[in-house]
Each structure stands twice: as structure tokens, then as C-alpha cells.
Amino acid sequence: VLRILHSRTVPVPPLAGRRPEDVFAAFARDKGAMLLLSDGRRQADHSFLCLHPAAILRLDGQQGRLVMPGRTAAAADPLDFITAFVRANRHRAPAGQFAAGAAGYLSYDYRTRIERVPCANPGAKGLPDAYFAFPGIILAFRHNTAAWTCTRIAHAWNGAPLPESPTAAVVIKRALDPPDLPFP
């Protein structure tokens, strides 16, 4: 069972005023890094950068697996797994708009698991039907105040702690001084 051991959230004044997409540029090529970008309107005041996943849940065809540093485990249907994770960790999740769940996607072809429809599409080569990362670091941007916070989350698998993410200070330093990477 994947569990949250503890989390800690700190404000990040040095990033104040920086746009989420600009901060994400420092991490865009990292495995499992995701940007959940909102437009900043009333119902969507936060954007989230989900970084350094403790685990990645993938569904390739009929095979689901949870990939963690140094180990892989069979996993149930992604929606069932995420529902169980949220229920089991509700009391440990950090406060805020994003409660340390999973960030990811269900592909269009996932629909064949929910309803009986023909699927003539062989799918995008190399892309899983479902992909969710359980972040070890969440950088949250509140649009109406332009303020940032950094939440570091420690996870465990079957009671054994997983390797921890870098400290907030390391992540913030990298966000302030991103590598000079050309984007395609």
C-alpha cells in the first residue's frame, strides 16, 4: 500500500510574481514533472507543479503497475488505486487545494475499460492508457496573490519509506536559476 508518511509546506517568497509556466521551465524535462495550470479565475485560483514523484502508476493495455525507486508492483485499475490512496491518506494529506493525490491523465482509449465500445485505434505508440505521478514535491501558485508555497511529501510502500525528494531549498534554488534548455 502506498502511504503518505508526512508532509511540510513552506512559503516561497523568492518566487513571488513568477508565472507557473516560467517556473516549470526549470523542471520540464524531469521524469514525471507535471504542470497543472489554471487560468486564475475564481473557481481555479491555484496552479500546481508536481515534481519528483515517489511513485508512478501506469496502465499499459491490461497491465497496471506502480513504479517506485528500486521496485515495481502490480497495480489495480488506476481509478480504484487512486480512490483507495486518497481514502487511506486523507488524514495525512497536506492542507491546501491539492491534497497530495496523483497528477496525470487517462487516455482516450481508456474508455474501452469503462464501456463496451469497439476500439479501432491502436493507440499512441509508447504512451500508456493511464499515467499518474504521486509527487514528492508540489509547488503551488495562488493566482490572486501571486504567492508560492512548496510542499515536500514523504511516502512509504508497505511500511518501508521511499527515497525522499530534494529539500525545499534545493527545489527553490533550481527554480530561481533554471538550466538553459532549448525547447523544441
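Basis of the calculations
- Residue positions within a chain follow its written sequence, with the count starting from 1.
- In keeping with the model being predicted, local features are shown solely for residues with a pLDDT of at least 70 and side-chain atom pairs are shown and tallied solely at 80 or more, while totals for entire chains, interfaces and linings include all residues.
- With hydrogens and water set aside, each side-chain value is computed from the structure's full complement of heavy atoms.
- The salt bridge definition used is simple: a Lys or Arg side-chain nitrogen within 4 Å of an Asp or Glu carboxyl oxygen.
- In this scheme, a residue with accessible area under 20% of its type's maximum is buried, one over 50% is exposed, and one in between is partly exposed, where area comes from a 1.4 Å probe on protein chains only.
- A helix here means a DSSP run of H or I that spans at least four residues, while a strand means a run of E at least two residues long, and both kinds are numbered starting from the N terminus.
- A 3.5 Å cut-off defines polar contacts: any pair of N or O atoms within that distance qualifies, except that in protein one atom must be a possible hydrogen donor and the other a possible acceptor, and neighbouring residues in sequence count only when both atoms are side-chain atoms.
- Any two residues whose heavy atoms approach within 4.5 Å are treated as being in contact.
- For this analysis, a nonpolar core means a set of buried residues of the types Ala, Val, Leu, Ile, Met, Phe, Trp, Tyr and Cys, connected via side-chain atoms within 4.5 Å.
- To obtain the arc, one takes the directions from the helix axis to the C-beta atoms.
- Two strands form a pair only when DSSP identifies at least two bridges running between them.
- Pairing of aromatic rings covers Phe, Tyr and the six-membered ring of Trp, with a centre-to-centre limit of 6.5 Å; geometry is then stacked below 30 degrees between planes, edge-to-face above 60, and tilted otherwise.

Peer 1: When you look at the pattern of salt bridges in this model, what are you seeing that I'm missing?
Peer 2: Pairing between side chains becomes possible if they bear opposite charge and their charged atoms approach one another. Tallied over the entire structure, the rule returns seven salt bridges. Its salt-bridge partner being R65, residue D60 comes within 3.2 Å of it at the nearest N-O pair. Under the relative-accessibility criterion, R65 is labelled partly exposed at 28%. Each of R19, E21 and D22 takes part in a single network of salt bridges with overlapping partners.

Peer 1: Can you walk me through the side chain of N89 in this structure?
Peer 2: Note that N89 resides in helix α2 (residues 78-89). Within the structure, N89 has its side chain in polar contact with the backbone oxygen of L2 (distance 3.4 Å). A polar side-chain atom of N89 sits 2.7 Å from the main-chain amide nitrogen of I4. Not counting chain neighbours up to four residues away, the residues in contact with N89 comprise L2, R3 and I4.

Peer 1: How do you make sense of the nonpolar core when you look at a structure like this?
Peer 2: The tendency in soluble globular proteins is for nonpolar side chains to be buried as a group. Core analysis: the largest hydrophobic core is formed by 30 residues, its most contacted members being L2, L57, L66, M68, F81, F134 and W157. The contacts of M68, once residues within four sequence positions are left out, are A54, A55, A73, W157 and L162. One finds V10, F24, A33 and A168 within the second-largest nonpolar core, a separate group that totals 19 residues.

Peer 1: I keep staring at helix α4 (residues 168-176) and nothing clicks. Help me out?
Peer 2: Given 3.6 residues per turn, any residue in an α-helix points the same way as the ones three and four places further on. For α4, the full list of buried residues reads A168, V171, I172 and A175. Seen end-on, α4 carries its buried residues on one side only, within an arc spanning 95°. In this structure, α4 carries A169 and K173 as exposed residues pointing more than 90 degrees from its buried face. Lining the buried residues of α4 we find β1 (2-11), α1 (20-24), β3 (46-60), β7 (130-142) and β8 (147-157).

Peer 1: Even after reading the chapter, I still don't get the pairing of β7, so can you show me in this structure?
Peer 2: The side chains of a regular strand alternate, residue by residue, between the two faces of the sheet. With 12 of 13 residues buried, β7 lies mostly within the body of the structure. Bridge count for β3 against β7 is 12 bridges, and the pairing is antiparallel. Within the sheet, the bridge partner assigned to S47 lies in β7 and is F141. Where strand β6 (residues 103-106) meets β7, four bridges bridge the pair, whose relative direction is antiparallel. Bridging across to β7, L106 finds its partner in A130. By the bridge criterion, six bridges tie β7 to β8 in an arrangement that is antiparallel. Each residue of the ladder has a partner; that of A140, found in β8, is T149. Where β7 folds back on β8, the antiparallel hairpin that results is connected by four residues, among which A146 adopts a positive phi of roughly 60°.

Peer 1: Please clarify how the packing of aromatic side chains should be interpreted in this entry.
Peer 2: The geometry of two aromatic rings is summed up by the distance between their centres and the angle between their planes. Counting across every chain of the model gives four aromatic pairs. Aromatic pair F81 and F134: ring centres 5.9 Å apart, planes at 70°, arrangement edge-to-face. Here F81, found in helix α2, pairs with F134, found in strand β7; they are 53 residues apart in sequence, far enough to count as distant. With a centroid separation of 4.8 Å and 65° between ring planes, the pair formed by F85 and F134 is classed as edge-to-face. Pair noted here: F85 is in helix α2 and F134 is in strand β7, with a separation of 49 residues, a long-range link. An identical accessibility class is assigned to F85 and F134; each is buried. Three or more aromatic residues link up through ring pairs in this structure, and these residues are F81, F85 and F134.

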